[in-house]
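# Inside the fold
Listed below are the residues making up each chain.
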Amino acid sequence: MLILSIETSCDETSAAVVKDGSEIFSNIISSQVEFHKKYGGIVPEIASRKHIEVINPIIQEALDNAKVTFKDLDAVAVTHGPGLIGSLIVGLSAAKSIAYALNIPLIGINHLEAHIYANFLNRKPQTANCKTTENLKNPKFPFICLVVSGGHTMLVVVEGHGKYKVIGRTRDDAAGEAFDKVARFLKIGYPGGPIIDKMAKEGNPTAINFTRPMLNDGFDFSFSGIKTAVVTHVKRNRDFQSQVPDLVASFQQAIVDVLVTKTIRAAKKYKCKSIALAGGVSANSCLRKGIKEKGKEEGITVIIPPLILCTDNAAMVGARAYYLLKEGKTSDFDLAAVASLRLA
Ligand code: KG4
Ligand code: ZN
């Protein structure tokens, strides 16, 4: 089963060709980060316009790289939410046109589910665009998935394909949002996550003991307090410029400690033998290392997608779509873009 998948929920325009929900034939990702950088965040109007400019060439490139043509496709999958409404509509319109013209099924995909399904993609190196070295097994149900992106932070018990029990969410900022806001406050660039990740390697994570909100309290998260603690620390220490690496390393450690502690506790409580990570923040090297170490200590298998499949990409959309197509769950042509689509 060959699926063309499209992802335009935020600021990446991506198209992929995925076979049987696992094998990545191509996964083309065009990032708009350069256009949004100077504003310190994503400008939705610019995002929609940039998607329109590149969507057709990106789809063609995905087909060319996969060495297939439109006629080889069995279905078209597309993210229809959550995300920026104008951005979603660009991908959705393209997907509908292709599915209609080819008379093949259209499959609308929830972006958060797609992130979870990045864990089902074959992790062997496939193409020049998808150089990965890890080769891990698919997670076995039930497993705990920590979904950590720019807009969401959730702990989910994945009981089967499409069966999710959300056991915890953030009550304020998402983890990625906290990284981005702290980086913006410190004026060290955008997006904050990868910049802080890199800079933290030069700093001491125990230099400043930032608060770990709600560490021992249920499965919900709260990150705005850590962000405020960083701001307060900077205001009290006028010479903070010399300690920025220590500052970001300590901030990152506080976030990672909370994420790792709660995820491991959730796996134990819900008797899950595996943990999977999903979303842009799972690219964070401190989180990857921390959860792998703790998982090993506790005898829990930890699965993390390779970096390129953690942040937004269309291959993960194709992975989820395969299982829906197998169950005959396709979408009608009046499928709408839903900015605040929920997982469960
Ligand atoms: O999943 P994603 O690509 O887009 C959304 O669906 O939101 O996640 C983007 C988020 C941004 O907040 C970005 O700063 C964060 O993921 N991120 C990271 C890293 N790489 C991306 N956060 C921490 N460390 C990283 N290495
Ligand atoms: Zn995402």
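If you're wondering where the values come from, they're calculated on a predicted model, not measured in any experiment.

Thresholds, definitions, all that
Residues numbered from 1 in each chain as written. Chains lettered and ligands numbered in written order. Predicted model: local features only at pLDDT ≥ 70, side-chain atom pairs only at ≥ 80, totals over all residues. Heavy atoms only, no water. Donors = N, O, S within 2.8 Å, 3.2 Å for Na, K, Ca; no water. Helix = DSSP H or I, 4+ residues; strand = E, 2+ residues; numbered from the N terminus. Pairing = 2+ DSSP bridges. Near = heavy atom within 4 Å. Polar contact = N/O pair within 3.5 Å; in protein donor to acceptor, adjacent residues only side chain to side chain. Areas by Shrake-Rupley, 256 points an atom, 1.4 Å probe, with all protein chains shown as cover. Buried < 20%, exposed > 50% of the residue type's maximum accessible area, 1.4 Å probe, protein only. Contact = heavy atoms within 4.5 Å. Axes fitted to C-alpha atoms, helices over the stretch in contact; angles between N-to-C directions. Salt bridge = Lys/Arg side-chain N within 4 Å of Asp/Glu carboxyl O. Parallel < 35°, antiparallel > 145°, perpendicular 65-115°, else oblique. Left-handed = near helix turned anticlockwise from the far one by under 90°. Nonpolar A, V, L, I, M, F, W, Y, C, P; charged D, E, K, R; others polar.

## Some words on the coordination of the zinc ion (ligand 2)
Coordination sphere of the zinc ion (ligand 2), protein contribution only: His111 (NE2), His115 (NE2) and Asp312 (OD), at 2.0 to 2.1 Å. Here the donor residues for the zinc ion (ligand 2) map to a single chain with the spacing H-x3-H-x196-D. Of this pair, His111 sits in helix α4 (residues 111-117) while Asp312 sits in the loop between α10 (307-310) and α11 (315-326); the two residues are 201 residues apart in sequence, bridging distant segments of the chain.

## Re the pairing of strand β3 (residues 23-31)
The side chains of a regular strand alternate between the sheet's two faces. In this sheet, β3 lies alongside strand β2 (residues 12-19) in antiparallel orientation, the contact comprising 8 bridges. Bridge pairing in β3 places Val18 opposite Ile24. Between β2 and β3, which pair antiparallel and follow one another directly, the connecting turn spans 3 residues, one of which, Asp20, has a positive phi of 50°.

## Details of the site of ligand 1
With respect to spatial proximity, 17 residues lie near ligand 1, and among them Gly150, Asp180, Asp197, Gly280 and Asn284 are the closest. Contact between ligand 1 and His111: an oxygen atom at 3.1 Å from a side-chain N or O atom of the residue. Considering ligand 1 on its own, with 550 Å² of exposed area, one finds that the protein chains cover 88% of that surface. Those elements that provide at least two residues to the shell around ligand 1 are α4, α5 (175-186) and α6 (192-200). Of all the elements, α6 adds the most residues to the shell around ligand 1, at 3 residues.

## Brief notes about the environment of Ile275
Note that Ile275 resides in strand β9 (residues 274-278). Given a relative accessible area of 0%, Ile275 falls into the buried group. A sequence separation of 16 residues divides Ile275 from Ile291, and the C-alpha atoms of the two residues are 8.9 Å apart. With residues near it in sequence (within four places) discarded, Ile275 still touches Ile144, Thr263, Ile264, Ala267, Ile291, Ile300, Thr301, Val302 and Ile303.

## Some words on the sheet that holds strand β6 (residues 143-148)
The mixed open sheet is built from 5 strands, whose spatial order is β8-β7-β6-β9-β10. Each edge of the open sheet carries a strand with a single partner, namely β8 (163-169) and β10 (301-303). This sheet shows a mean twist of 25° between the axes of neighbouring strands, independent of strand direction.

## A closer look at the sheet that holds strand β4 (residues 75-81)
Spatial ordering of the open sheet is given by β3-β2-β1-β4-β5, a layout of 5 strands whose pairing is mixed. Looking along the sheet, the strands with just one partner apiece sit at the ends: β3 and β5 (106-110). Along the sheet, successive strands turn relative to each other by an average axial angle of 20°, direction set aside. Against the sheet, helix α2 (residues 44-66) engages β1 (2-7), β2 and β3, with an angle of about 25° to β2. Here helix α3 (residues 85-102) sits on the sheet in contact with β1, β4 and β5, set at roughly 160° to β4.

## Thoughts on the pattern of salt bridges
Under the criterion given, the structure shown has 15 salt bridges. When the shortest N-O distance is used, the salt bridge between Arg171 and Asp220 registers 3.0 Å. Within this pair, whereas Arg171 is found in the loop between β8 and α5, its partner Asp220 is found in the loop between α6 and α7 (224-236), the two being separated by 49 residues in sequence. A cluster of three or more residues bridged by salt bridges with shared partners is formed by Asp173, Glu177, Lys181 and Lys227.

## Re unusual backbone geometry
For the bond from Gly81 to Pro82, the omega torsion is -10°, close enough to zero to count as cis. Position of Pro82 relative to the elements: it lies in the loop between β4 and α3. Positioned with a positive phi, Asn103 is a non-glycine residue whose angle comes to about 55°. Locating Asn103 in the fold gives a position in the loop between α3 and β5. Of note in this structure, Lys271 is not a glycine but carries a positive phi near 50°.

## Concerning the pairing of β2
The element β2 is largely enclosed, with a buried count of 7 among its 8 residues. As defined by bridge partners, β1 adjoins β2 across 6 bridges and the pair is classed as antiparallel. For Ser5, the partnering residue across the bridge sits in β2 and is Ala16.

## A few points about the packing of α7 against helix α8 (residues 244-269)
In contact at an axis separation of 10 Å, α7 and α8 are set at 160° when each is read in the N-to-C sense. One element, α7, and the other, α8, form an angle in the roughly antiparallel class. Considering only the axes of α7 and α8, their crossing is right-handed. Together, Ile226, Val230, His233 and Val234 of α7 and Leu247, Phe251, Ala254 and Ile255 of α8 make up the contact between the two elements. Looking at the contact of α7 with α8 residue by residue, the class counts come to 7 nonpolar, 1 polar and no charged.

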